[in-house]
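Now for the letters of each chain:
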Amino acid sequence: MKLLSTFRAKRRLTARIQSVIVLGLPFVRIDGESALRFDVPSLKLYFFGSVIWISEAYFFLLVSLLFFIGVMLFTMLYGRIWCGWACPQTVLSDFSRRIAAMARWLTGHRALSMVLTQFFILAFSIVVSAGLIWYFVSPYDMAKDIFSRSLGPWTLWSWIFFAALAYLNLAFVRQKFCTSVCPYARFQSAFFDHKTLTIGFDGDRSHECRGCEACVKACPAEIDIRNGLQVECINCAECIDACAGRMKRLHKRGLIGYFFGRVDRDVKQTARPRVIGLAVAFAVIAALFIHQIYVRVPVDFLVIRDESRPYHQTGFKGDMLNTYSLFVENRSLEPEEYLLGLSGVEDAELVIPRNPFTLPPNAMVKFTIYVFARRSSLRERITRLQFTLKSTRSSEIRITREAPFLYPERTEKGVEI
């Protein structure tokens, strides 16, 4: 397509698609909840129809490992292509430059265009910061609170803080962040090798360079790619388009381009020990992550013996009584009915307010439950009880937890003191 004949056009299309996805995703709902949102008060991650609780922290660990290994592998293969094409800092900086150009086009007056540019960038920063907050607060709830003037202080001040930060960044910093602050630019050299994709100047054709410095003027990082690979380069390909445009007038191809490895020898072989090692590690962790999702049970529970009342002799039928706190989490987005069972002591009786019981979707409830056991059935001072929670709708959902039953009025051999 002629419209996508330059890298700049392709980057702008990529930026538009990315913007639609990032800003639109919080508005997508699955079963009444956000498709992707971390709810801070409840410490739950809504993830495309699933709810990951903070008690399932191993999921976050696996995702973090996948992210960091993926970054290392991607950097080793394609260098800083992420920085130039998809990094939010680059995308937002490009948008801010277009905003400035639009302001100049609207006014035609330098001073007025500067004022209008700052106003537009501030408005743009407010939208960008709201898009970030929407991954923690539902945009529907946030809009409702704004119109009712009941927006919470944490949400309001977070919005103000991020809007101010985004404005200062887009108005005064932009690509300077990439060249002086960004940590990724510093540690990327540890992952580069002789076959990594980079932007380079063809030194063998340096005699064809007209010295127009179009590549230098186009570079947002203000570097001269003719001096070789530099840490400030973000692989945005602006210099490639600028050089190609000038050389096209001379009916020659550009002197700057993407190269795997050395400029004078375009290497496309990507299989090497470090790449293979990282790829294997990434595949193993990804398989483990998929396995954990597959075997994940959408319910969990915990039984804790009441320390304030560890045991009690009822005197009724010679029974002993222990009190427990039962915590049940329904991690699905549908109401579920569960049945709690008890084993471990013969003829033990479980007393619970209701059994089976129904839990709302994505909710946790707490019950106080009691266990009666006959003195004649207890042979140890501490007996391990097994509490089994199962779904009434699916026989596959079945979880067992243990909790101790105390009876300190007998010796270890079962003889009364």
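Here the residue numbering is sequential within each chain, running from 1 through the sequence in written order. Confidence filtering applies because this is a predicted model: local features only for residues at pLDDT of at least 70, side-chain atom pairs given and counted only at 80 or more, and all residues used for totals across whole chains, interfaces and linings. Side-chain descriptors were evaluated using all non-hydrogen atoms of the structure, hydrogens and water having been removed beforehand.

Trainee: Requested: an account of the sheet that holds strand β3 (residues 36-39), with residues and values cited.
Mentor: Pairing between sheet strands relies on hydrogen bonds along the backbone, with the strands arranged either parallel or antiparallel. Taken in spatial order, the three strands make up an open sheet running β3-β4-β5, and their pairing is antiparallel. Strands at the two margins of the open sheet, each flanked by one partner only, are β3 and β5 (50-53). Strand after strand, the sheet turns through a mean of 15° between neighbouring axes, direction not considered. In terms of strand pairing, β3 meets strand β4 (residues 44-47) through four bridges, oriented antiparallel. In the strand pairing of β4, Arg37 is matched with Tyr46. By the convention used here, residues are in contact when the closest approach between their heavy atoms is within 4.5 Å. Each axis is a line fitted through C-alpha atoms, and for a helix only the stretch in contact is used; angles between axes span 0 to 180 degrees, taken between their N-to-C directions. To qualify as a helix, a DSSP run of H or I must reach at least 4 residues; to qualify as a strand, a run of E must reach at least 2; elements of each kind are numbered from the N terminus. On the sheet, helix α2 (residues 57-78) packs against β3, β4 and β5 and is oriented at approximately 100° with respect to β5. One requirement defines pairing of two strands: DSSP has to find at least two bridges between them.

Trainee: Go over the pattern of salt bridges with me, naming the residues and quoting the values.
Mentor: Salt bridges are identified by distance alone: a Lys or Arg side-chain nitrogen within 4 Å of an Asp or Glu carboxyl oxygen. Following the criterion strictly, the structure yields 15 salt bridges and no others. Linking Arg97 and Asp94 is a salt bridge whose minimum nitrogen-to-oxygen distance equals 2.4 Å. Placement of the pair is Arg97 and Asp94 together in helix α4 (residues 88-107), with a separation of three residues, close to one helical turn. Think of it in three bands: residues with accessible area under 20% of the maximum for their type are buried, residues over 50% are exposed, and the middle band is partly exposed, with areas taken using a 1.4 Å probe on protein chains only. Taking relative accessible area as the criterion, Asp94 reaches 17% and is therefore assigned buried. Between Glu329 and Arg331 there is a salt bridge, and its shortest N-O distance comes to 3.1 Å. On the basis of relative accessible area, Glu329 is assigned to the buried category, the value being 13%. Residue classification places Arg331 among the buried residues on the basis of a relative accessible area of 6%. Residues joined in a network through salt bridges with shared partners are Arg8, Arg11, Asp94, Arg97 and Glu238.

Trainee: Would you mind going over the sheet that holds strand β11 (residues 336-343) in detail, with residue names and values included?
Mentor: Ordered in space as β13-β11-β15-β16, the four strands form an open sheet in which the pairing is antiparallel. Two strands bound the open sheet, and with one partner strand each, they are β13 (357-359) and β16 (398-406). Mean inter-strand twist for the sheet, computed between neighbouring axes without regard to direction, equals 35°.

Trainee: Describe in detail the layout of surface pockets, supporting the description with residues and values.
Mentor: In this analysis, the protein atoms alone were mapped onto a 1 Å grid. Cavities are point sets where a 1.4 Å probe fits without being able to get out; pockets are open sets with protein on both sides within 12 Å along at least five of seven lines; lining residues have an atom within 4 Å of a point. Grid points are joined across faces, edges and corners, and a volume is the space filled by probe spheres set on the points. Quantified by volume, the largest pocket comes out at close to 740 Å³. Together, 21 residues line the largest pocket, and Val22, Pro88, Leu92, Val128 and Leu132 are the ones closest to its centre. Elements that contribute at least two residues to the lining of the largest pocket include exactly α1 (7-24), α4, α5 (110-133) and α7 (153-173). At six residues, α5 tops the list of elements feeding residues into the lining of the largest pocket.

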